[in-house]
Amino acid sequence: MTLTSPGGTVLSVVIGSRAYGLETEESDVDRRGVFVTPTPMFWRLDKPPDHVEGPLPEQFSWEVERFCVLALEGNPVVLECLWSPLVDLATPVGERLLAMRRAFLSGKAERAFAGSAARQFRRLGPEDPPRAGGDVRRWKMAMHMIRLLLSAVHLARHGEPLIDVRAHRDRLLAVRRGETSWPGVLEWRGRLLAELDDRAGGALPARPDRAAVEEFLIDVRRRAL
């Protein structure tokens, strides 16, 4: 398989249901990647793109600087790329990025995962809960809300996000199929929120190691001259 991007892919991983251990026969292969743009391209008035789509279906890649900025902010999708167990490609630069992944973590990451779960909950419209066995899209959203909270709790406990949720696969897929009652979903959500409140920030530094990330980025730019 050949992966292309404006400056060459340095990291390509599979995320989504296949990385989570929640895949079914219908699941897509969601790929995310990081590419490095040749440094002289930034000297032009028209700047190079900070992300690209493709060339494969369900593939999206960030330029390395944009990726680092999002990771420092605790963006859940970006951080999941750094912990995905399914790595398609990692050049020496990509391997360096994976090796320093903890430099991106801070309490901000925990809040970002919890915040994403809260947004999913609001989008669900809890005042009008999904119908048992119906509303496929909303039940899938409910499953991912719980998955994000599981990852936030894991961050608080162990200092890294939880990607592989196969230990919870049966319960999560039951939510996705609409086989779990809405009160049951709310009870699970409530327990995870309570645990998150008890453990908030316990295993994470207050701030990410921005200096280490910047040193890495500067070195990448120099090598791309």
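See the structure shown above.
## So, the overall build of the protein chain
So, step 1. When you go through the protein chain residue by residue, the secondary structure sums to nine helices and five strands.
So, step 2. Going residue by residue from the N terminus, the α and β elements of the protein chain occur as β-α-β-β-β-α-α-β-α-α-α-α-α-α.
So, step 3. The C-alpha radius of gyration computed for the protein chain amounts to 19 Å, which stays within 12% of the reference 17 Å derived for 225 residues, consistent with globular compactness.
So, step 4. Dimensions along the principal axes, computed over C-alpha positions, put the protein chain at roughly 55 × 40 × 30 Å.
So, step 5. Counting over 225 residues, the protein chain shows a buried share of 49%.
So, step 6. Counted over contacts in the protein chain with a minimum sequence separation of 6, partners at least 24 positions apart contribute 73%.
So, step 7. Only carbon and sulfur atoms are counted for the fraction: they give 50% of the accessible area of the protein chain, which is about 11500 Å².

## Points about the sheet that holds strand β2 (residues 30-35)
So, step 1. Spatially, the five strands line up as an open sheet ordered β3-β4-β2-β1-β5, and their pairing is mixed. Each end of this open sheet is capped by a strand with a single partner; those strands are β3 (51-53) and β5 (86-90). Sheet twist, expressed as the mean angle between neighbouring strand axes with direction ignored, is 15 degrees.
So, step 2. Where strand β1 (residues 9-15) lies against β2, six bridges are found, and the strand directions are antiparallel. Residue pairing across strands places Ile15 opposite Asp30, the latter belonging to β2.
So, step 3. Helix α2 (residues 64-72) contacts β2 and β4 (59-63) of the sheet and is inclined by roughly 90 degrees relative to β4.

Rules used in this analysis
- Residues numbered from 1 in each chain as written.
- Predicted model: local features only at pLDDT ≥ 70, side-chain atom pairs only at ≥ 80, totals over all residues.
- Heavy atoms only, no water.
- Helix = DSSP H or I, 4+ residues; strand = E, 2+ residues; numbered from the N terminus.
- Rg over C-alpha atoms; globule rule 2.2 N^0.38 Å.
- Buried < 20%, exposed > 50% of the residue type's maximum accessible area, 1.4 Å probe, protein only.
- Contact = heavy atoms within 4.5 Å.
- Areas by Shrake-Rupley, 256 points an atom, 1.4 Å probe, with all protein chains shown as cover.
- Pairing = 2+ DSSP bridges.
- Axes fitted to C-alpha atoms, helices over the stretch in contact; angles between N-to-C directions.

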